[in-house]
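Residue-level listing of the chains:
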Amino acid sequence: MSSVFTQIINGKLPADIVHEDDQCIVIKDIHPQAPVHLLVIPRKPLLSLAEADDSDAALLGHLMLVARRVANDAGIGHGFRLIANNGAAAGQTVDHLHFHILGGRRYGEANL
Ligand code: AMP
């Protein structure tokens, strides 16, 4: 069974796509936790960051730079969080690597 994100990448499920290229897509989170809540998702179906290895170095760098670009485009380049929940114990619910971009609200050390 492919992940919900693979189904979105394959056009089987709808999503609000704000960026796509040959290596990744960026969509709006369906249950936003901040005024801006985007998900950077590699086309490669890595289960999580723990599954990545040295051969994924360029891909992971690309995802970071795309995150930077879409955060700027969304007007939150001055302050945003980039989060990967790694494993169920960390709250990962979709088994396909993704980075959350969160911004547009004030974050402090107390509200991790
Ligand atoms: P995580 O809990 O880190 O695995 O994050 C999964 C995220 O995917 C959650 O924030 C969900 O709201 C989001 N999500 C799940 N299904 C969809 C979908 N069909 N379209 C957009 N976001 C989704």
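Everything discussed here concerns the structure shown above.
Model, not experiment: these values are computed from the prediction.

Draft legend 1. Structural detail: the overall build of the protein. Assigned secondary structure in the protein consists of two helices and five strands. The C-alpha extent of the protein, read off along each of the three principal axes, is 35 × 30 × 25 Å. Each of the 112 residues in the protein was classed as buried or not, and the buried ones make up 39%. Relative to all contacts within the protein whose residues are 6 or more apart in sequence, the contacts with residues 24 or more apart total 54%. Working note: accessible area of the protein is about 6,700 Å², and carbon and sulfur atoms make up 53% of it. Averaging the locations of the 9 positively and 12 negatively charged side chains of the protein gives two centres separated by 8 Å.

Draft legend 2. Here's a closer look at the sheet that holds strand β2 (residues 24–28). Here we have five strands laid out as an open sheet, ordered β1-β2-β3-β5-β4, and antiparallel in their pairing. Pairing within the sheet leaves two strands with one partner each, and these edge strands are β1 (17–20) and β4 (80–83). Within the sheet, the average angular offset between the axes of one strand and its neighbour, ignoring direction, is 20°. Relative to β2, β1 runs antiparallel, the two sharing three bridges. Looking across to β2, one finds that E20 is bridged to I25.

Draft legend 3. Representation of the nonpolar core in the model. Ranked by internal contacts, the top residues of the largest apolar core, which has 18 residues, are V40, L63 and I101. Residue assignment for this core shows that the elements contributing at least two residues are β2, β3 (36–42), α2 (57–73) and β5 (99–103). A total of seven residues in this core trace back to one element, the largest contributor, which is α2. Beyond its immediate sequence surroundings of up to four residues, I101 is in contact with V36, H37, L38, V40, A67, V70, A71, I76, F80, R81 and L82. Among the nonpolar cores identified, the runner-up in size contains eight residues, and F5, I8, I9 and L39 belong to it.

Draft legend 4. Representation of the packing of aromatic side chains in the model. Under the defined criterion, the tally for this structure stands at zero aromatic pairs. Positioned above the aromatic ring of Y107 is the side chain of R105, whose terminal nitrogen or guanidinium carbon lies 4.1 Å from the ring centre.

Criteria and thresholds
- Residues numbered from 1 in each chain as written.
- Predicted model: local features only at pLDDT ≥ 70, side-chain atom pairs only at ≥ 80, totals over all residues.
- Heavy atoms only, no water.
- Helix = DSSP H or I, 4+ residues; strand = E, 2+ residues; numbered from the N terminus.
- Buried < 20%, exposed > 50% of the residue type's maximum accessible area, 1.4 Å probe, protein only.
- Contact = heavy atoms within 4.5 Å.
- Areas by Shrake-Rupley, 256 points an atom, 1.4 Å probe, with all protein chains shown as cover.
- Lys, Arg positive; Asp, Glu negative; His and termini not counted.
- Charge placed at Lys NZ, Arg CZ, Asp CG, Glu CD.
- Pairing = 2+ DSSP bridges.
- Axes fitted to C-alpha atoms, helices over the stretch in contact; angles between N-to-C directions.
- Core = buried A, V, L, I, M, F, W, Y, C linked by side-chain atoms within 4.5 Å.
- Phe/Tyr/Trp six-rings, centres within 6.5 Å; stacked < 30°, edge-to-face > 60°.
- Lys NZ or Arg CZ within 6 Å of the ring centre and 35° of its normal.

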